[in-house]
Amino acid sequence: TARPGDGSITARSIAILVADGMLGAGATAVRAALLAQGAVPRFVAPRIGRVKTSDGETVVAEASLENEPGFLFDALVLTDGADGIAVLSEDDHTMGFIQDHYRHGKALLVLGEASCLLEQAGLPGQLPNGEVDPGIVSSDGADPASLHAFIKAIARHRHPEREIPGGN
């Protein structure tokens, strides 16, 4: 907070978590919106390479959950799609990846049914004081309002209100 920057997300590295069976349209729409703001979004999957989306979009994972841990990214997008979510929920690295983002106070965009991944990771949907977490943006899709809220959350860089006073 001592050096808040210029309020932009230029050069911020953002992980877009994808897997076979996810909805590609939402993931590619988020990626395009982030690129337009100067960010560096990267598709991250259980393995590097082509991801088979349920809606025929072309998505290629540039990083894997193993070779680029969550703390290397400034924010995280959890994409929608029941089959993709099922694949991610079975991968041992997924929960650690999500937990790292949360624990480091980074912004998260949760699309559609991906909210179950937060629950599986054991993360609360609210702050320790019961208020809404401003660093977690949930949406049914990649709509302009949720993308704007997510971009604002990324621009804050960290969300220290998640920390529990005196806790670990």
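For clarity, every value in this text was computed on a predicted model and none was experimentally measured.

> Could you clarify how one ought to interpret the packing of aromatic side chains in this entry?
Given two aromatic rings, their pairing is described by the distance between the two centres and the angle made by the two planes. If you walk through the whole model with that rule in mind, you get 1 aromatic pair. Both rings, one in F73 and one in F97, keep their centres 6.0 Å apart while their planes meet at 55 degrees; by these two values the pair is tilted. Note that F73 is positioned in the loop between β5 (63-64) and β6 (75-78) and F97 in helix α3 (residues 92-103), a separation of 24 residues in sequence. For F73, a relative accessible area of 1% corresponds to the buried category.

> Would you take a moment to explain the sheet that holds strand β1 (residues 13-17) for this structure?
The strands making up a sheet associate through hydrogen bonds between their backbones, and the pairing can be parallel or antiparallel. With parallel pairing, the 6 strands of this open sheet are ordered in space as β5-β2-β1-β6-β7-β8. Edge strands, defined here as strands with exactly one partner in the open sheet, are β5 and β8 (136-139). α3 rests against β1, β2 (40-45), β6, β7 (107-111) and β8 of the sheet, and its axis sits at about 135 degrees to β6.

> Explain the nonpolar core to me, please; I cannot follow it from the model alone.
By size, the foremost hydrophobic cluster in this structure holds 27 residues, and its most contacted members are V18, L34 and F150. Elements with a minimum of two residues in this core: β1, α1 (24-36), β2, β4 (58-61), β6, β7 and α5 (144-155). Broken down by element, the residue count for this core peaks at 6 residues, all from α5. With sequence-adjacent residues up to four places away left out, L34 is seen in contact with I9, I14, A39, P41, F150, I151 and I154. The next biggest cluster of nonpolar side chains, apart from the first, holds 23 residues, and it includes L65, L76, F97 and I98.

> Could you clarify how one ought to interpret the pairing of strand β3 (residues 49-52) in this entry?
Bridging between β3 and β4 involves 4 bridges; their strand directions are antiparallel. In the sheet register, V51 faces β4, and the bridge partner there is V59.

What counts, and at which threshold
- Residues numbered from 1 in each chain as written.
- Predicted model: local features only at pLDDT ≥ 70, side-chain atom pairs only at ≥ 80, totals over all residues.
- Heavy atoms only, no water.
- Phe/Tyr/Trp six-rings, centres within 6.5 Å; stacked < 30°, edge-to-face > 60°.
- Helix = DSSP H or I, 4+ residues; strand = E, 2+ residues; numbered from the N terminus.
- Buried < 20%, exposed > 50% of the residue type's maximum accessible area, 1.4 Å probe, protein only.
- Pairing = 2+ DSSP bridges.
- Contact = heavy atoms within 4.5 Å.
- Axes fitted to C-alpha atoms, helices over the stretch in contact; angles between N-to-C directions.
- Core = buried A, V, L, I, M, F, W, Y, C linked by side-chain atoms within 4.5 Å.

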